[in-house]
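Spelled out, the chains give:
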Amino acid sequence: MAAKGAHGSHLKVESELERCRAEGHWDRVPELVRQLQTLGMPGGGGSGGNRRGSPSARFPSLDTDDFGKLLLAEALLEQYLKENHAKIKDSIPLLEKNEHRINEAKNYLSSILNHGKLPPRYMCEAMLILGKLHYVEGSYRDAISMYARAGIDDMSVENKPLYQMRLLAEAFVIKGLSLERLPNSIASRYRLTEREEEVVACFERASWVAQVFLQELEKTTNNSTSRHLKGSPPVDYELSYFLEAALQSAFVKNLKKGNIVKGMRELREILRTVETKATQNFKVMAAKHLAGVLLHSLSEECYWSPLSHPLPEFMNKEENSFVTQSLRKPHHYEGDNLYCPKDNIEEALLLLLISESMATRDVVLSRAPEQEEDRRVSLQNAAAIYDLLSITLGRRGQYIMLSECLERAMKFAFGEFHLWYQVALSMVACGKLEEAEHFAMMVIGLGEEAGEFLPKGYLALGLTYSLQATDATLKSKQDELHRKALQTLERAQKLAPDDPQIILYVSLQLALVRQISNAIEQLQEALTVCRDDANALHLLALLFSAQKHYQHALDVINMAITEYPENFNLMFTKVKLEQVLKGPEDALVTCRQMLRLWQTLYNFSQLGGLEKDGSFSEGLMVKKQSGMHLTLPDAHDADSGSRRASSIAASRLEEAMSELTMPTSVLKQGPMQLWTTLEQIWLQAAELFMEQKHLKEAGFCIQEAAGLFPTSHSVLYMRGRLAEMKGSLEEAKQLYKEALTVNPEGVLIMHSLGLMLSQLGHKSLAQKVLRDAVERQSTCHEAWQGLGEVLQAQGQNEAAIDCFLTALELESSSPVLPFSIIPREL
């Protein structure tokens, strides 16, 4: 009975030792070793006189002193490494002469290996632990030799205690790190390449074994907790430096080498493995890292989904993965109907939203001094995720969603200029101008704490006032906001006089209040610093057009398009300048070029990542089954029989339009901005055809635009203009009313509706509509001209003269397109 009781105690202590070694409870190991010695079990009792009669059959010939030394050596080393985590992370060698615990552990392990009395399993463990000790001492060759002696390349994790999985994962990563740190001055290029491949193989093996270990550890810990402490949560497991390195070294190494495919595969594998409590924070970091790779290193054309294979040309450039048949794979999440992203932006957004929810949950909110470092690190991680979210959502124009995400960060962003500034910018971008003003004021309120970013705070506030002025409905409010915008922007300029972006927006603000000469003077300063800025060149062209220097304006636009051939805003301005300077024929040629450009950009930026089999891109070229194509008459000159230039330009446009028609099933897949741009190209072409009196062709263009957005106020307005040119005044009036219902702030719609009401005899109503137009936008000379005509028809000649003079003065400084088309963004 006594022997049976002792056997039970032995097993209990033995089991507890294995658990402590797996979970890292090193402070308990010395006491457990003493218990073994007291019980006279193998591993205790000094001389080991009772070894053969031991009730534990697993240690029939175990040297008791050496086994105790093994346990104590590991505990001493691990406790010291935990206390010196920062030095290990910075690869600072820990010398035994400076620390008695390192010296003591090394003596224990050397003694064990010299005696050679332990069974092979424990001799191997001693080698693995000594290899780790050599590494932290900076003896990298000794570490590699010790692992070669232990034969880690042939080890398996099947049916082994948990702590041995940990030792093996750490051994692989330490071997890889040691190989990296070996001097390579005399090695051949072939040997260096071979060494690099061996490093990657070690890191990949380490990652797999570490994930299996952590999954098995959590399973064991949960089972143990449910048996002994029912209802209590499992104890958190803190990753050691080497386990954390084991998880991440593989993808970091592959990405550093430029092996994007292998790096992404590693990251995706890590994120697909069943999560453990110990890997939650690590997975946030991995998700952030993968999102960064998707955004910065992979274009949409080269994207492959997690369930598909990369393009063959990528695989040919990278080495084959290591053989993993001998290693047990970690468990992955599985199931039916799993969601799979379709492009890199979608996958990055999914990763970042998951990371954001976890990062904001774990942010340290306490401002206690002892938690200052933890708070700084958690805040830094969260800010990095929000920066990537800004890039991802900004590419899709999803500013409302971005502002909602950033607002969630405000609970822990006290005094953090960067996050407050991001919130203010997102509010401006999504049109929440009152909120943007509030956040911008809070940024400025930081004063000198904002440092070099303070001018940007004033810039954000100035742009907010400027956008509010554009949206204001009363002239008095507009004037007040424009004044505040100019003052705030000038304050930003005083703080940063050489910032070209601030100078640009000061110039734009002067242009908006029609101080054209001052605006040009300011803009010249910005262009001396940044000669090829697209917005600056665009604004300069508009300022030249406001001075009626159309040829100079066109020259500037052509120069800007040379630098930015894919900028549609520049091309729309070019169309307007050509329309004024050369006539609609040349402008139609530019419209054709815009359609070709749109088709090219659509094919390459949108189709490449959606359908690899080419069916979607083929669909783009398929004509509509309805047969609605733009067919132009020859338009021969009746006298000479020669074909007019307008007909040639129109036929070229017809060719581009025919190729751009597409089935409804593929419409509007992609960013909305893509399709609104196409809509505006069609409507611009319709306007040019109407100027040439080619109403049938104009109708075809409007129909194409209506196929994209049937209830768009722009489409309804152009349909109204076409009906008016055809003499259908009642239909035109109804269409203008519908357009105004959709866009109550549309000044040009008000202008056309007012003139139409006047033609139909509704003079008083026409006057009211036109007065609303000039109140809404006091710089619209067309509205003032129309109001003057209505007042004159009513016999109010003096008021009409004032309107005509105002219109004449405003027209003298009006650009071909409103200055407000220059984006006010940061």
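Calculation notes
Residues numbered from 1 in each chain as written. Predicted model: local features only at pLDDT ≥ 70, side-chain atom pairs only at ≥ 80, totals over all residues. Heavy atoms only, no water. Helix = DSSP H or I, 4+ residues; strand = E, 2+ residues; numbered from the N terminus. Buried < 20%, exposed > 50% of the residue type's maximum accessible area, 1.4 Å probe, protein only. Contact = heavy atoms within 4.5 Å. Areas by Shrake-Rupley, 256 points an atom, 1.4 Å probe, with all protein chains shown as cover. Expected span 1.5 Å × (residues − 1). Arc of directions from axis to C-beta. Salt bridge = Lys/Arg side-chain N within 4 Å of Asp/Glu carboxyl O. Polar contact = N/O pair within 3.5 Å; in protein donor to acceptor, adjacent residues only side chain to side chain. Phe/Tyr/Trp six-rings, centres within 6.5 Å; stacked < 30°, edge-to-face > 60°. Patch = residues over 30% accessible without salt bridge, like charges linked within 9 Å, V, L, I, M, F, W, Y side chains within 5 Å. 1 Å grid on protein atoms, 1.4 Å probe; cavity = no way out; pocket = protein on both sides within 12 Å on 5 of 7 lines; lining within 4 Å. Points joined across faces, edges and corners; volume = space filled by probe spheres on them. Nonpolar A, V, L, I, M, F, W, Y, C, P; charged D, E, K, R; others polar. Axes fitted to C-alpha atoms, helices over the stretch in contact; angles between N-to-C directions. Parallel < 35°, antiparallel > 145°, perpendicular 65-115°, else oblique. Left-handed = near helix turned anticlockwise from the far one by under 90°.

Asks: So, the overall build of the protein chain: which residues are in play, and what are the values?
Replies: Regarding its fold elements, the protein chain presents 36 helices and zero strands. Counting across all 826 residues of the protein chain, residues that qualify as buried make up 51%. Sequence-distant contacts in the protein chain: of pairs separated by 6 or more residues, those separated by 24 or more amount to 66%. Surface summary for the protein chain: the accessible area is close to 39,100 Å², and the carbon and sulfur share equals 51%.

Asks: A description of the environment of Glu-104 should follow, citing residues and the corresponding values.
Replies: Structurally, the position occupied by Glu-104 is in helix α5 (residues 100-115). Under the relative-accessibility criterion, Glu-104 is labelled partly exposed at 30%. Sequence spacing of Glu-104 and Ala-73 is 31 residues, and the spatial spacing of their C-alpha atoms is 7.3 Å.

Asks: Give a detailed account of helix α32 (residues 729-742), specifying residues and quantitative values.
Replies: Across its 14 residues, α32 extends 20 Å between first and last C-alpha, which sits within 8% of the 20 Å expected from 1.5 Å per residue. Listed as buried for α32 are Ala-732, Lys-733, Leu-735, Tyr-736, Ala-739 and Leu-740. Down the axis of α32, the smallest arc covering the buried residues is 165°, so these residues share one side. Here the buried face of α32 lies against α31 (713-725) and α33 (747-759).

Asks: With reference to specific residues and values, describe unusual backbone geometry.
Replies: The backbone of Arg-514 sits at a positive phi, close to 65°, despite the residue not being glycine. Mapped onto the elements of the fold, Arg-514 is located in the loop between α21 (500-512) and α22 (516-529). A positive phi angle, close to 70°, is found at Lys-693, a residue other than glycine. Classification of Lys-693 as exposed rests on a relative accessible area of 60%.

Asks: Can you break down the pattern of salt bridges residue by residue, with the values?
Replies: Throughout the structure, instances matching the rule amount to 31 salt bridges. Here Glu-78 ties to Lys-132 by a salt bridge, and the two come within 2.3 Å at their closest N and O atoms. A residue pair is termed long-range when its members are at least 10 positions apart, and Glu-78 in helix α3 (residues 64-83) and Lys-132 in helix α6 (residues 120-137) qualify at 54 residues. Of the residues examined, Lys-132 reaches a relative accessible area of 2% and is grouped as buried. In this structure, the salt-bridge partner of Arg-272 is Glu-269, at a minimum N-O distance of 3.6 Å. Of the two residues, Arg-272 and Glu-269 both sit in helix α11 (residues 260-272), three residues apart, roughly one turn of that helix. Owing to a relative accessible area of 35%, Arg-272 belongs among the partly exposed residues under this scheme.

Asks: Before we move on, can you summarise the side chain of Gln-211 with the specific residues and values?
Replies: Relative to the elements of secondary structure, Gln-211 occurs in helix α9 (residues 189-228). Of note is the side chain of Gln-211, whose polar atom sits 3.3 Å from the side chain of Thr-273. Apart from the residues within four sequence positions on either side, Gln-211 is in contact with Leu-247, Glu-269, Ile-270, Thr-273 and Pro-330.

Asks: Describe the packing of aromatic side chains, and please don't skip the residues or the numbers.
Replies: Following the criterion strictly, the structure yields six aromatic pairs and no others. Judged by centre distance (5.1 Å) and plane angle (80°), the ring pair of Phe-67 and Tyr-122 falls under edge-to-face. Linking Phe-67 in helix α3 with Tyr-122 in helix α6, this pair joins segments that are 55 residues apart in sequence. In this structure an aromatic cluster arises from ring pairing among Tyr-135, Tyr-140, Tyr-241 and Phe-242.

Asks: I'd like a description of a nonpolar patch on the surface, backed by residues and values.
Replies: The grouping of Tyr-339, Leu-350 and Ile-354 at the surface amounts to a nonpolar patch, some 290 Å² of accessible area in total. Tracing the backbone shows Leu-350 in helix α14 (residues 344-362). The exposure class assigned to Leu-350 is partly exposed, which follows from its relative accessible area of 35%.

Asks: Go over the side chain of Glu-170, please, and point to the residues and values.
Replies: If you trace the backbone, Glu-170 turns up in helix α8 (residues 162-181). A relative accessible area of 2% places Glu-170 in the buried class. In contact with Glu-170, not counting residues within four places along its chain, are Glu-78, Lys-132, Ser-240, Phe-242 and Leu-243.

Asks: Break down empty space enclosed by the protein for me, citing the residues and quoting the values.
Replies: Following the criterion strictly, the structure yields six cavities of 30 Å³ or more and no others. Of the volumes computed, that of the second largest cavity is approximately 80 Å³. Lining the second largest cavity are Gln-211, Leu-214, Gln-215, Leu-247, Ile-270, Thr-273, Val-274, Thr-276, Thr-279, Phe-282 and Lys-283. Among the secondary structure elements, those contributing two or more residues to the lining of the second largest cavity are α9 and α12 (280-296). With three residues, the single largest contributor to the lining of the second largest cavity is α9. Here the lining of the second largest cavity is composed, by residue class, of five nonpolar, five polar and one charged.

Asks: Describe the environment of Leu-537, and please don't skip the residues or the numbers.
Replies: With respect to the helices and strands, the residue Leu-537 is situated in helix α23 (residues 534-546). Placed 14 residues apart in sequence, Leu-537 and Leu-523 show a C-alpha to C-alpha distance of 9.0 Å. Apart from residues no more than four positions distant in its own chain, Leu-537 is found in contact with Leu-527, Arg-531, Asp-532, Val-556, Met-559 and Ala-560.

Asks: Give me the packing of helix α19 (residues 454-471) against helix α20 (residues 475-495): which residues, what numbers.
Replies: Direction vectors running N to C along α19 and α20 enclose 165°, while the axes themselves pass 8 Å from each other. Compared by their axis directions, α19 and α20 come out roughly antiparallel. The chirality of how α19 crosses α20 is left-handed. In this structure, α19 contributes Leu-454, Pro-455, Tyr-458, Leu-459, Leu-461, Gly-462, Leu-463, Tyr-465, Ser-466, Gln-468 and Ala-469 to the contact, and α20 contributes Gln-478, Leu-481, His-482, Lys-484, Ala-485, Thr-488, Leu-489, Arg-491, Ala-492 and Leu-495.

Asks: Now, about α12: what can you tell me, with residues and values included?
Replies: Taking 1.5 Å as the rise per residue, α12 with 17 residues should run 24 Å; its terminal C-alpha atoms sit 24 Å apart, in good agreement. Here α12 lies mainly inside the structure; 12 of its 17 residues are buried. Listed in full, the buried residues belonging to α12 are Phe-282, Lys-283, Val-284, Ala-286, Ala-287, Lys-288, Leu-290, Ala-291, Gly-292, Val-293, Leu-294 and Leu-295. Elements in contact with the buried residues of α12: α10 (241-256), α11, α14 and α15 (372-395).

Asks: Please provide a residue-by-residue account of the packing of α5 against α6, values included.
Replies: At a minimum axis separation of 10 Å, α5 and α6 run at an interaxial angle of 145°. Here α5 and α6 pass one another in a crossing that is left-handed. Between α5 and α6, the contacting residues are Ile-102, Ala-105, Lys-106, Leu-109, Ile-112 and Leu-113 on the first element and Met-123, Ala-126, Met-127, Ile-129, Leu-130, Leu-133, His-134 and Glu-137 on the second. Within the contact of α5 with α6, the residues separate by chemical class into 11 nonpolar, one polar and two charged.

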